[in-house]
Amino acid sequence: MNNFKMSPRNLRIATTSAMASAALMAAMMPSDPALAEDIDLFLANSGEQYAPNVYVMVDNSANWNANISGTSKREMEYEALRSVFLDSELAEDSDDSVNLRLGFGLFSSGRGGKVWQAVEGVTEGYQTDTLAPLFEHINASNDPLKTNNAPYAMSFNEAIAYFAGNNPVAGTEDDKRTDENPEGYDPAAIDEDGSYNSPAAGNCGKNYVILMGNGSPDSGEDNTAEEELGEHGGLLSGDPISIDPNMYESNWSDEYARFMAGKDIVSRDGHEESVRTYVIDVFDPDDNNRPAQSARAWMKSIATRGDGLYFAAHDESDIKEALDTILDELFAVNDVFAASTLPVSVNVRGTNLNQVYMGVFRPDEMNRTRWQGNLKLYQLAVDDETNTLHLADKDGEPAQSPATGFIRETAWSFWSAHSDYWEFAYPDDPSDAPDGEFVEKGGAHQQLRLDYPNAPSSGRTIFTDSGGSLNDFKDVADADSLNVSDPNDLIDWIYGENNVDSENSNDPDTESNAGIRPSVHGDVLHSQPAVVNYGSGDDGEGDIYAFYGANDGMLHALRGGKEDGDGEEVWGFIPAEFHDRLDRLRTLEEGKEYFVDGAISVYRHDDNGDGEIVASDGDEVRLYVAMRRGGRLLYALDVTDPENPAYLWKIDEDTTGFSELGQTWSRPEVVEVAYDEGSETVERDVLVFGGGYDPAADADVGSYDADGIGDAGMGRALFALDAETGDLIWQAANGPTGGSSSVDVPDMKYPIPSDVSVIDRDGDGYDDRLYVGDLGGQVWRADISGHPDDWSVYKLASDGDGAGTADRRFLYPPDVVYGEDGNGRYDAVLLGSGARTHPFRRSVINRFYMFKDRHTGTTVDDVSTWETIEAGDLLDVTGDEDSIDESLLEDRKGWYIDLLNAAGEGAGEKVVSSAVTLSGSTFFSTNEPPPEETADDECNQSLGTARNYEINYQDGTVANEENEGRSSKAVGGGFPPSPVPVIVEIDGQKYEAVISGTEAHSPPGTTMGRRNPVYWNRQIDD
């Protein structure tokens, strides 16, 4: 028998992310609402978009005059700059509301940089009176601006001084003057006290450098640049950055770009920002000698380390296209919220196929029931300079925008094709391709419209459950179950008919618009796609199917893959419990509505191990579908034949033994256990999950008391079911109510919405232990080896009294890693606290923990030695980022880090993801709520500050020196997805990384096949 159990440890790439906002018009954020959901973070966006601050650094060295095909570089740049920045559509009438703030820098003869033109808002007057005459000097025949040196690194150093508002370094020492600029620099850039006027002062826009390079750097600046960068704190132990070819490796420009992108060098009240760097490299494509190749590699390194993009330009049109692309990214407002998954290879076990399935959504601007959503397919590609992975579109181009952290405007996902469908919504950009940052364009959404253009009469298959089986939704839906007087219009609408007034605003006066409606695909908010490889297929990668929930009322089944015809919906399934909610979607009532919004687990059984799922061979595939806020229910479906699903079973709070079942947030994990029963050994597939979420936990902190959450009456349990039949075989609960084996745990008084972490501690192929936290700051261990009658539960740790700063809640599962110190072996249990459901709460100081479980056997041999770990047993390592005195840690039962944000203050930073450990580095993500609106000039960061942490699991110290301490900022803010390890083969080489949404991270020293023995990548064979 060959079982491959897909779980978060070996399948899931990321949970749902909300890392940037669409343009919303909603009320301002509450400071600490009495009732809350995580979507409050999205809906609090005021819709205001801030004009970016863009500083264009132009290489005005002798390389400016070099020709490409008979035209000088400076002439090309002159024409491109005029074309882009003097465009009337870019300007506004007044400085009160501008789209762009723009300035320019040049090399200074004082071996550095200078502010040639201070950053100002682009208005019609600024274009006419300032930029137009400024650009004329670029193409002047007497070369009034050309210098004889190329101090790239020191120009970055000057840019730091400018953005930070520090004193000029070389910016006032230039002797290249013009009539319009007799000082040689723009005096408007200098304050009365002689310091720079930061371009970020008085505005809230993000900050960017566009480097327009024309050649190679000077070597004479290297020592000075290194010294200056060291004074900034920007040197790392591994510097200089390795570049191949390495002729310009000693230049510090790429290290400066890295420092500017990774540090908050711009400081404003309540709003600190880094500066990202884009590079436009103007060069002759026929110049392929070693210096030219070295210059290309060096320029690419600047862009890569600066978290920007690199553009090769050979003529005026290339430069213009690069500038247009950059501006498009900086102006992007229709942002994507993403969750992604990669299918597992059946040919090379332990690796993932290079297919990234990403669920997306965009909130409704009026907070109504129906949100836009989609499922899209991308892939991974390798960066030639860093040899690391990044998300790519179907053409292999980088898909992530470094400006927003989301999908680039020009990115083209698989399954997307040209169209003019969206003319009614986007008249200037009506096509589905490229779909870029637009949630509703392309992807599965477009495929639905192409496959069923005449819905509902075009054959779309939608099931519901009735009488213990799946039936056609049209056949079993009636007036009573749909909660409407005449169900026909509603049924047709569910199938896709556009029969609501003016949904397609091309024709607002038409009562009913023909064809499929533009809202046919709902939002994929919290449900991660479960992607199954069925193992056949002509392309060698297998037949791929994606199963995912959406808040359009149904579970979707989609044919995956990168070939023509892929991306098509196979069927949808609407649970009967949702019938009476569907009309709220159609009529667009106020308030978010939830349906199939929870986790989906897959059990894949390949009986003969041939890699293919064939029912006649005894193979089987099952889906276990949780609903999250969709309800207190769990469905199991047989999808062995993915084209013809079958109903298996369901449970809800009315099922015998499940009165404690809450909203099903916890992922139902399939585990394999073995035990003796009589003279036989029983092998059994078991479904384990937490008791779920209690909506009472949406209440304020004060609702916590000694008996749990206010009137809590659900979720305080752990369940184990027979995975095939759904029969309850074991539960641990606060007063269990049934099941053949029940454990009464009085201290289990808080709901358990978290996924559970399951391990095979002795490596015998059977699971024997699980860990999970609850909403009261408690962490539980359950030993599940042997007969269910003998399973036991222990409180591993507790650090939350349910009040004030100690209201610490665990919503995400721990990672478990082998550890060892002078006192012997232990299992390190790593997890963090945070109430994601209260995104604006600032009153709690959350923590990230490592608990040492020294009972390393499959059971606790001597129960009398068990002691629950308390906060006082742990070492506080909050202030010890760089090193820990190991003698202090050795006799402690673990450590913790207080999440005090970058300012060292408790501002509500909370863990919003699970943790994963790779090569000794533990990854997790946090969100710090946006600052409270206390001043008129304070910038509104409606999605807060998101951070990706990378720490040493043994002591909590910094694991990656390129980060800002223990963490790095995630562009866009919001809720970063849970980081999960992935191994993918590209061009014959395997790459290992941790993926979080659209970002890929490789921990320092990662070597394929050599990693700490964590419990996330395992296959059962027997």
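The rules behind the values
- Residues numbered from 1 in each chain as written.
- Predicted model: local features only at pLDDT ≥ 70, side-chain atom pairs only at ≥ 80, totals over all residues.
- Heavy atoms only, no water.
- Helix = DSSP H or I, 4+ residues; strand = E, 2+ residues; numbered from the N terminus.
- Buried < 20%, exposed > 50% of the residue type's maximum accessible area, 1.4 Å probe, protein only.
- Contact = heavy atoms within 4.5 Å.
- Areas by Shrake-Rupley, 256 points an atom, 1.4 Å probe, with all protein chains shown as cover.
- Pairing = 2+ DSSP bridges.
- Axes fitted to C-alpha atoms, helices over the stretch in contact; angles between N-to-C directions.
- Core = buried A, V, L, I, M, F, W, Y, C linked by side-chain atoms within 4.5 Å.
- Expected span 1.5 Å × (residues − 1).
- pLDDT = per-residue confidence, 0-100.
- Phe/Tyr/Trp six-rings, centres within 6.5 Å; stacked < 30°, edge-to-face > 60°.
- Lys NZ or Arg CZ within 6 Å of the ring centre and 35° of its normal.
- Left-handed = near helix turned anticlockwise from the far one by under 90°.
- Nonpolar A, V, L, I, M, F, W, Y, C, P; charged D, E, K, R; others polar.
- Polar contact = N/O pair within 3.5 Å; in protein donor to acceptor, adjacent residues only side chain to side chain.
- Salt bridge = Lys/Arg side-chain N within 4 Å of Asp/Glu carboxyl O.
- Parallel < 35°, antiparallel > 145°, perpendicular 65-115°, else oblique.
- Patch = residues over 30% accessible without salt bridge, like charges linked within 9 Å, V, L, I, M, F, W, Y side chains within 5 Å.
- Lys, Arg positive; Asp, Glu negative; His and termini not counted.
- Charge placed at Lys NZ, Arg CZ, Asp CG, Glu CD.

### Some words on the overall build of the protein chain
Move 1: A tally of helices and strands in the protein chain yields 14 helices and 51 strands.
Move 2: Taking all 1022 residues of the protein chain together, 63% fall into the buried category.
Move 3: For the protein chain, the share of sequence-separated contacts (at least 6 apart) that also reach a separation of at least 24 residues comes to 66%.
Move 4: Summing over all exposed atoms, the protein chain offers an accessible surface of approximately 34,600 Å²; the carbon and sulfur share of this is 40%.

### What to know about unusual backbone geometry
Move 1: That bond from Ala433 to Pro434 is cis: its omega, -5°, falls within 30 degrees of zero.
Move 2: Inspection of the secondary structure puts Pro434 in the loop between β15 (389-392) and α9 (443-451).
Move 3: The residue after Ala455, namely Pro456, is reached through a cis peptide bond having omega 15°.
Move 4: Even without being a glycine, Asp307 presents a positive backbone phi close to 55°.
Move 5: Overall, Asp307 belongs to the partly exposed group, its relative accessible area being 34%.

### Structural notes on the sheet that holds strand β20 (residues 555-559)
Move 1: Spatial ordering of the open sheet is given by β17-β16-β21-β20-β19-β18, a layout of 6 strands whose pairing is mixed. On the outer flanks of this sheet lie β17 (469-472) and β18 (530-533), each paired with one strand and no other. Across the sheet, the mean angle separating the axes of adjacent strands is 25° when strand polarity is ignored.
Move 2: Pairing analysis gives 4 bridges linking β20 to strand β21 (residues 569-574), with the strands arranged antiparallel. Its bridge partner lying in β21, Leu555 is registered against Phe573.

### Some remarks on the nonpolar core
Move 1: Of all hydrophobic cores here, the largest spans 42 residues; its most connected members are Phe473, Ile494, Phe547, Leu555 and Trp571.
Move 2: With 5 residues, the top contributor of residues to this core is helix α12 (residues 487-495).
Move 3: Those residues in contact with Phe473, other than ones at most four positions away along the chain, are Ile462, Phe463, Thr464, Leu482, Ile491, Ile494, Tyr495, Ile574, His579 and Leu582.
Move 4: Listed in part, the 41 residues of the second largest apolar core include Val84, Phe311, Leu323 and Ile326.

### Examining the sheet that holds strand β42 (residues 894-898)
Move 1: Strand order in this open sheet of 5 strands is β37-β38-β39-β42-β41, and the pairing throughout is mixed. Looking along the sheet, the strands with just one partner apiece sit at the ends: β37 (815-821) and β41 (875-876).

### Considerations on helix α2 (residues 73-85)
Move 1: The terminal C-alpha atoms of α2, which comprises 13 residues, lie 18 Å apart, in line with the 18 Å expected from a rise of 1.5 Å per residue.
Move 2: Among all positions of α2, only Lys73, Arg74, Met76, Glu77, Tyr78, Ala80, Leu81, Val84 and Phe85 are buried.

### Examining the confidence of the model for the protein chain
Move 1: Scored by pLDDT, the protein chain has a mean of 84; 85% of the residues are at 70 or more.
Move 2: Model confidence for the protein chain, summarised as mean pLDDT per element, is weakest for strand β51 (residues 1020-1021) at 32 and strongest for strand β24 (residues 633-638) at 98.
Move 3: Every residue in residues 506-512 is under pLDDT 50, and counting partners more than four places away or in other chains gives 10 contacts.
Move 4: The low-confidence segment residues 1006-1022 (pLDDT under 50) makes 59 contacts with residues lying over four places distant or belonging to another chain.

### So, the packing of aromatic side chains
Move 1: Counted according to the given criterion, the structure contains 36 aromatic pairs.
Move 2: Note on Tyr421 and Phe424: the rings are 5.9 Å apart at their centroids and 85° apart in plane angle, and the pair reads as edge-to-face.
Move 3: Between Phe924 and Tyr949 the ring centres are 4.7 Å apart and the planes differ by 10°, which places this aromatic pair in the stacked class. Remark: Tyr949 occurs in strand β46 (residues 945-952) and Phe924 occurs in strand β45 (residues 921-928); sequence separation between them is 25 residues.
Move 4: Three or more aromatic residues joined by ring pairs form one cluster here, namely Tyr421, Trp422, Phe424, Tyr426 and Phe438.
Move 5: Positioned over the ring face of Trp64 is Arg74, at 4.4 Å from the centre of the ring.

### Quick look at the packing of α2 against helix α8 (residues 316-331)
Move 1: α8 packs onto α2 with a crossing angle of 35° between their chain directions and a minimal axis gap of 8 Å. Viewed along their axes, α2 and α8 form a crossing whose handedness is right-handed. Residues Met76, Glu77, Glu79, Ala80, Leu81, Ser83, Val84 and Phe85 of α2 form the contact with α8, whose own contacting residues are Glu316, Ile319, Lys320, Leu323, Asp324 and Leu327.
Move 2: Residue composition of the contact of α2 with α8, by class: 8 nonpolar, 1 polar and 5 charged.

### Quick look at the pairing of β42
Side-chain direction in a regular strand flips from residue to residue, so the side chains alternate between the two faces of the sheet.
Move 1: Burial analysis of β42 places 5 of its 5 residues in the buried class, the great majority of the element.
Move 2: Side chains Gly894, Tyr896 and Asp898 project from β42 onto one buried face, and the interleaved Trp895 and Ile897 project onto a second face that is buried too.
Move 3: Note that strand β39 (residues 847-853) and β42 share 5 bridges and pair antiparallel. Note that in β42 the partner of Arg847 across the bridge is Asp898.
Move 4: Here 2 bridges tie β41 to β42, and the two strands are oriented parallel to one another. Its bridge partner lying in β42, Asp876 is registered against Tyr896.

### Focus: the pairing of β21
Move 1: With 6 of 6 residues buried, β21 is to be regarded as a mostly interior element.
Move 2: Looking at chain direction, strand β16 (residues 462-466) and β21 are connected through 3 bridges and run parallel. Opposite Thr464, over in β21, you have Ile574 as the bridge partner.

### Section: the environment of Ile210
Move 1: With respect to the helices and strands, the residue Ile210 is situated in strand β7 (residues 207-213).
Move 2: When the C-alpha atoms of Ile210 and Tyr55 are compared, they prove to be 6.2 Å apart, with 155 residues separating the residues in sequence.
Move 3: Setting aside its immediate chain neighbours within four residues, Ile210 contacts Val54, Tyr55, Val56, Met57, Tyr278, Ile280, Leu323 and Ile326.

### Some thoughts on the side chain of Arg769
Move 1: Within the secondary structure, Arg769 is located in strand β34 (residues 769-773).
Move 2: A residue is classified by how much of its surface remains accessible, and Arg769, at 0% relative accessible area, is buried.
Move 3: Of the polar contacts made by the side chain of Arg769, one reaches the backbone oxygen of Thr856; its length is 3.1 Å.

### So, the pattern of salt bridges
Move 1: Taken as a whole and assessed by the stated rule, the structure comprises 43 salt bridges.
Move 2: The residue Asp827 makes a salt bridge to Arg769 at a minimum N-O spacing of 2.7 Å. Of the two residues, Asp827 sits in strand β38 (residues 824-832) while Arg769 sits in strand β34, which places them 58 residues apart along the sequence. Of the two residues, Asp827 and Arg769, both sit in the buried class.

### Comments concerning the packing of helix α6 (residues 253-262) against helix α7 (residues 290-305)
Move 1: For the pair α6 and α7, interaxial distance at closest approach is 7 Å and the crossing angle is 10°. Comparing the axis directions of α6 and α7 gives the class roughly parallel. Residues Ser253, Asp254, Ala257, Arg258 and Ala261 of α6 lie in contact with α7, whose contacting residues are Trp298, Ser301, Ile302 and Arg305.

### Description of a negative patch on the surface
Move 1: Together, Asp543, Asp607, Asp610, Glu612 and Asp617 give the surface a local cluster of negative charge.
Move 2: Note that Asp617 resides in the loop between β22 (600-606) and β23 (620-626).
Move 3: Relative accessible area serves as the criterion here: at 30%, Asp617 is assigned to the partly exposed category.

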